[in-house]
Amino acid sequence: QFHMIKYEDLKWDESLGQGSFTRNFKGYKIEIHDGKKHVTEVFLKELDVAHKNCWESFFEAASLMSQISHKHLLHVYGVSVHGVKNIMVQEFVEYGALDLYLKRGTSVSVSWKLDVAKQLASVLIFLEEQNIVHGNICAKNLLLAREGDPSQGSSPFIKLSDPGISVVMLGQDVILDRIPWVAPEVLEAPDNLTLECDKWSFGATVWEIFNSGNNPLQGLELKQRKFYESCQQLPPSQWTELADLISQCMDYRAAFRPSCRSILRQLNSLITSGNDHMYNVICMFI
Ligand code: ATP
Ligand code: MG
């Protein structure tokens, strides 16, 4: 269900830090076609040996990403196995994770943020049509392929990364760390991941996009499990239509969350490009 890549065909470059279960590197994939050498820049995700018992789940994520194709979904070239090493070979995305990008303080316009949200919603519609649950949507897993012009509003281009190790395999502590992205019902039953769970995560991710990539629970009184136990909501945006959309997605009753098409429709009806100035004016007076 996925392409096997020979370890010898990979070149390793600088380390790009660690993920929850992975060590990440920039690298290159070398291919010879008709006697000609082709070099492709890649992102190498090596499963940490401490988690090697999760390799099946790790490869399942790779397999999922290789089977489906969408312009806003990260491309996975395949996997490579070498001794104890399990490696996912991915497309290298220039500007890295969106949360870090936003945290760096780059000023981005409202229409830029809306574009990112719409692109993510379009992936959600695609996944819903294929009946595929992603299971780990958050700004960290949105990669920025094109910056656009963040202040002038020319469009960015994002790609949703792989979900990584399935939530079913994760310890309770790791799941608690995923609050508020993980849907509350997953806490009760991690194997009960549904399309509705992705909508909750989408809501939390849109919140991040519009709050400079900040951690949503930062500064809140009730954290982690308590946040869900008392059915808390994230601090609402001053933009009431946006706040309304986020709270619809983050409805504790999974069945009440909107359809993906409705999500996109609502995003489209929000103030769009050219009206950034109006938005700023509105915010000044609220
Ligand atoms: P998790 O399963 O928890 O998401 P991960 O292995 O995907 O873990 P991340 O923390 O999501 O690791 O990503 C680590 C960093 O690597 C990110 O901050 C991002 O900047 C960068 N990164 C991830 N994927 C890519 C990619 N395909 N191209 C370029 N940079 C990437
Ligand atoms: Mg990731």
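Residues numbered from 1 in each chain as written. Chains lettered and ligands numbered in written order. Predicted model: local features only at pLDDT ≥ 70, side-chain atom pairs only at ≥ 80, totals over all residues. Heavy atoms only, no water.

Student: What is the right way to look at the site of ligand 1 in this model?
Tutor: Within the structure, ligand 1 sits among 18 residues, and Ser20, Thr22, Lys45, Val93 and Lys140 are positioned closest to it. Contacts to ligand 1 include Glu91, whose backbone N or O atom sits 2.9 Å from a nitrogen atom. For ligand 1, whose free accessible area comes to 620 Å², the fraction covered by protein is 90%. Mapped onto the shell around ligand 1, the elements with two or more residues apiece are strand 2 (22-33), strand 3 (36-47) and strand 5 (85-91). Here the shell around ligand 1 is composed, by residue class, of seven nonpolar, eight polar and three charged. (Near = heavy atom within 4 Å. Polar contact = N/O pair within 3.5 Å; in protein donor to acceptor, adjacent residues only side chain to side chain. Areas by Shrake-Rupley, 256 points an atom, 1.4 Å probe, with all protein chains shown as cover. Helix = DSSP H or I, 4+ residues; strand = E, 2+ residues; numbered from the N terminus. Nonpolar A, V, L, I, M, F, W, Y, C, P; charged D, E, K, R; others polar.)

Student: Sorry, what's going on with the packing of helix 8 (residues 240-249) against helix 9 (residues 260-269) here?
Tutor: Helix packing geometry: the angle between the two helix axes and the distance between the axes. Across the interface, helix 8 lies against helix 9 with an axial gap of 10 Å and an inter-helix angle of 170°. Put simply, helix 8 runs roughly antiparallel to helix 9. Mapping the contact onto sequence places Leu245, Gln248 and Cys249 in helix 8 and Ile263, Gln266 and Leu267 in helix 9. (Axes fitted to C-alpha atoms, helices over the stretch in contact; angles between N-to-C directions. Parallel < 35°, antiparallel > 145°, perpendicular 65-115°, else oblique. Contact = heavy atoms within 4.5 Å.)

Student: What is the right way to look at helix 1 (residues 55-67) in this model?
Tutor: Every α-helical turn comprises 3.6 residues, leaving residues that sit three or four positions apart pointing alike. The end-to-end C-alpha distance of helix 1, which contains 13 residues, comes to 18 Å, matching closely the 18 Å that a straight helix rising 1.5 Å per residue would cover. Along helix 1, the residues that are buried comprise Ser57, Phe58, Phe59, Ala61, Ala62, Ser63, Leu64 and Met65. Residues of helix 1 that are buried sit in contact with strand 2, strand 3, strand 4 (76-82), strand 5 and strand 7 (157-160). (Expected span 1.5 Å × (residues − 1). Buried < 20%, exposed > 50% of the residue type's maximum accessible area, 1.4 Å probe, protein only.)

Student: Could you clarify how one ought to interpret unusual backbone geometry in this entry?
Tutor: With the exception of glycine, most residues fall at negative phi, and the peptide bonds are largely trans. A cis amide bond links Ile179 to the next residue, Pro180, at an omega of 10°. Relative to the helices and strands, Pro180 is located in the loop between helix 4 (172-177) and helix 5 (184-188). Even without being a glycine, Ser212 presents a positive backbone phi close to 55°. With respect to the secondary-structure elements, Ser212 resides in the loop between helix 6 (195-209) and helix 7 (224-229). A positive phi is found at Gln224, a non-glycine position, where the angle reads about 45°. The residue Gln224 is located in helix 7 in this model.

Student: I tried to follow the pattern of salt bridges on my own but got confused; where do I start?
Tutor: Scanning the model with the defined rule gives twelve salt bridges in all. Measuring nitrogen to oxygen at the nearest pair gives 2.9 Å for the salt bridge that ties Glu185 to Arg257. Here Arg257 lies in the loop between helix 8 and helix 9 and Glu185 lies in helix 5, a separation of 72 residues in the sequence. Looking at Glu185, the relative accessible area reads 18%, which means it is buried. Residues joined in a network through salt bridges with shared partners are Glu128, Glu196 and Lys199. (Salt bridge = Lys/Arg side-chain N within 4 Å of Asp/Glu carboxyl O.)

Student: I tried to follow the sheet that holds strand 1 (residues 10-18) on my own but got confused; where do I start?
Tutor: One key point about sheets: their strands pair by backbone hydrogen bonds, in either a parallel or an antiparallel sense. With antiparallel pairing, the five strands of this open sheet are ordered in space as 1-2-3-5-4. If you trace the sheet from one side to the other, it starts and ends with strand 1 and strand 4, each paired once. The mean angle between the axes of side-by-side strands here comes to 30°, regardless of whether they run parallel or antiparallel. As defined by bridge partners, strand 1 adjoins strand 2 across five bridges and the pair is classed as antiparallel. By the bridge assignment for strand 2, Lys11 is matched with Tyr28. (Pairing = 2+ DSSP bridges.)

Student: Explain the state of the cysteines here, please?
Tutor: The bond known as a disulfide is covalent and runs between the sulfur atoms of two cysteines. Inspection of the entire model under this criterion finds zero disulfides. With no disulfide of its own, Cys138 lies 14 Å from the sulfur of Cys197, the closest cysteine sulfur. Just so you know, Cys260 is unpaired, no disulfide at all, and the nearest cysteine sulfur is the one on Cys249, 8.5 Å from it. (Disulfide = S-S within 2.5 Å.)

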